[in-house]
Amino acid sequence: MSKQRQRASAPTPAAKRCAIYTRKSTTMGLEQEFNSLDAQRESCLAYIERQQGWTLVDERYDDGGFTGANIDRPAFTRLMADVEAGKVDVIVVYKVDRLSRSLLDFVKVMERLSIAGASFVSITQNFSTADAMGRLTMNMLISFAEFERSMIAERTR
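Predicted model, so just to flag it, every value in this text is computed and none were measured.

## Some points on the pattern of salt bridges
Then comes step 1: What the rule picks out here adds up to 9 salt bridges.
Then comes step 2: R17 serves as the salt-bridge partner of D89, at 2.9 Å between the closest nitrogen and oxygen. Here the residue D89 occupies a position in the loop between α3 (74-84) and β4 (90-93), and R17 occupies one in strand β1 (residues 16-24), the gap between them amounting to 72 residues.
Then comes step 3: We note a salt bridge from R60 to D38, for which the minimum N-O separation is 3.9 Å. With R60 in the loop between β2 (54-56) and β3 (61-64) and D38 in helix α2 (residues 36-50), this pair connects stretches of sequence that are 22 residues apart.
Then comes step 4: Here the salt bridges share partners, and the residues they tie into one network are K95, D97, R98 and R101.

## A short note on helix α5 (residues 103-116)
Then comes step 1: The terminal C-alpha atoms of α5, which comprises 14 residues, lie 20 Å apart, in line with the 20 Å expected from a rise of 1.5 Å per residue.
Then comes step 2: Here α5 has its buried residues at D105, F106, V109, M110 and L113. For α5, the angular spread of buried residues about the axis comes to 135°, placing them on one side. Every exposed residue of α5 that faces more than 90 degrees away from the buried side is listed here: L104, S114 and I115.
Then comes step 3: Looking one or two residues past α5, G117 carries a phi angle of roughly 75°, positive in sign.

## Observations concerning the confidence of the model for the protein
Then comes step 1: Scored by pLDDT, the protein has a mean of 84; 88% of the residues are at 70 or more.
Then comes step 2: At the level of individual helices and strands, the protein shows its lowest average pLDDT in helix α1 (residues 3-9), which scores 48, and its highest in α3, which scores 98.
Then comes step 3: With pLDDT under 50 throughout, residues 5-9 is counted as low confidence; its partners more than four residues away or in other chains account for 1 contact.

## Side note on a nonpolar patch on the surface
Then comes step 1: A contiguous nonpolar patch, built from M133, L136, M140, F144 and F147 and spanning about 570 Å² of accessible area, is present on the exposed surface.
Then comes step 2: Here M133 is to be found in helix α6 (residues 132-156).
Then comes step 3: Taking relative accessible area as the criterion, M133 reaches 58% and is therefore assigned exposed.

## A word on α3
Then comes step 1: Residues A75, F76, L79, M80, D82 and V83 constitute the buried set of α3. Along the axis of α3, the buried residues cluster in a sector spanning 160°; they form a single face.
Then comes step 2: Summarising the contacts, the buried residues of α3 are in contact with β1, β3, β4, α4 (96-99) and α5.
Then comes step 3: Backbone geometry just after α3 places G86 at a positive phi near 80°.

## Some points on the packing of aromatic side chains
Then comes step 1: Counted under the stated rule, the structure contains 3 aromatic pairs.
Then comes step 2: Arranged with centres 5.6 Å apart and planes meeting at 75°, the rings of Y21 and F76 form a pair that is edge-to-face. With Y21 in strand β1 and F76 in helix α3, the pair connects residues that are 55 residues apart, well separated along the chain.
Then comes step 3: For Y21, a relative accessible area of 0% corresponds to the buried category.
Then comes step 4: Residue F76 is classed as buried on the basis of its relative accessible area, which comes to 1%.
Then comes step 5: A ring pair is formed by F106 and F120, whose centres lie 5.5 Å apart and whose planes are at 75°; its orientation type is edge-to-face. Pair noted here: F106 is in helix α5 and F120 is in strand β5 (residues 119-122), with a separation of 14 residues, a long-range link.
Then comes step 6: When its relative accessible area of 9% is taken as the criterion, F120 is described as buried.
Then comes step 7: The lysine or arginine in question, R73, covers the ring of F76, its NZ or CZ lying 5.1 Å from the ring centre.

Scoring rules and cut-offs
- Residues numbered from 1 in each chain as written.
- Predicted model: local features only at pLDDT ≥ 70, side-chain atom pairs only at ≥ 80, totals over all residues.
- Heavy atoms only, no water.
- Salt bridge = Lys/Arg side-chain N within 4 Å of Asp/Glu carboxyl O.
- Helix = DSSP H or I, 4+ residues; strand = E, 2+ residues; numbered from the N terminus.
- Expected span 1.5 Å × (residues − 1).
- Buried < 20%, exposed > 50% of the residue type's maximum accessible area, 1.4 Å probe, protein only.
- Arc of directions from axis to C-beta.
- pLDDT = per-residue confidence, 0-100.
- Contact = heavy atoms within 4.5 Å.
- Patch = residues over 30% accessible without salt bridge, like charges linked within 9 Å, V, L, I, M, F, W, Y side chains within 5 Å.
- Areas by Shrake-Rupley, 256 points an atom, 1.4 Å probe, with all protein chains shown as cover.
- Phe/Tyr/Trp six-rings, centres within 6.5 Å; stacked < 30°, edge-to-face > 60°.
- Lys NZ or Arg CZ within 6 Å of the ring centre and 35° of its normal.

Here's what the structure looks like:
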């Protein structure tokens, strides 16, 4: 079979409804016309547009002024409800620590995503949670995010 024929018969990727989640710990700078949340969103949107079959959902999920130490955030709560309702297939974030800085919370979120048949992408930390090495990498990144949060708390005290 020719290469051209093989390409023509290759299955097209399934359509994925994507939600961008952005978070910033403080409200400082959020009043600016273009702020950190906008920058995160713009980068994530560019990533989604490069993926075949991926589309952005209409809803925005932006938490400005909320810590990553817990998952008690209004936009995040709405996002997870939409994932569990089957409205979102992929959560796209700029960095893993935008989603959570707690390893325990992150593991719980990943479990909820798995049950809902949804997935998670960090656009600046390229790894796959489909294999053991990817899961190890993800857990290490979250552990470092949790450590960084603890260091910030110690310095603040």
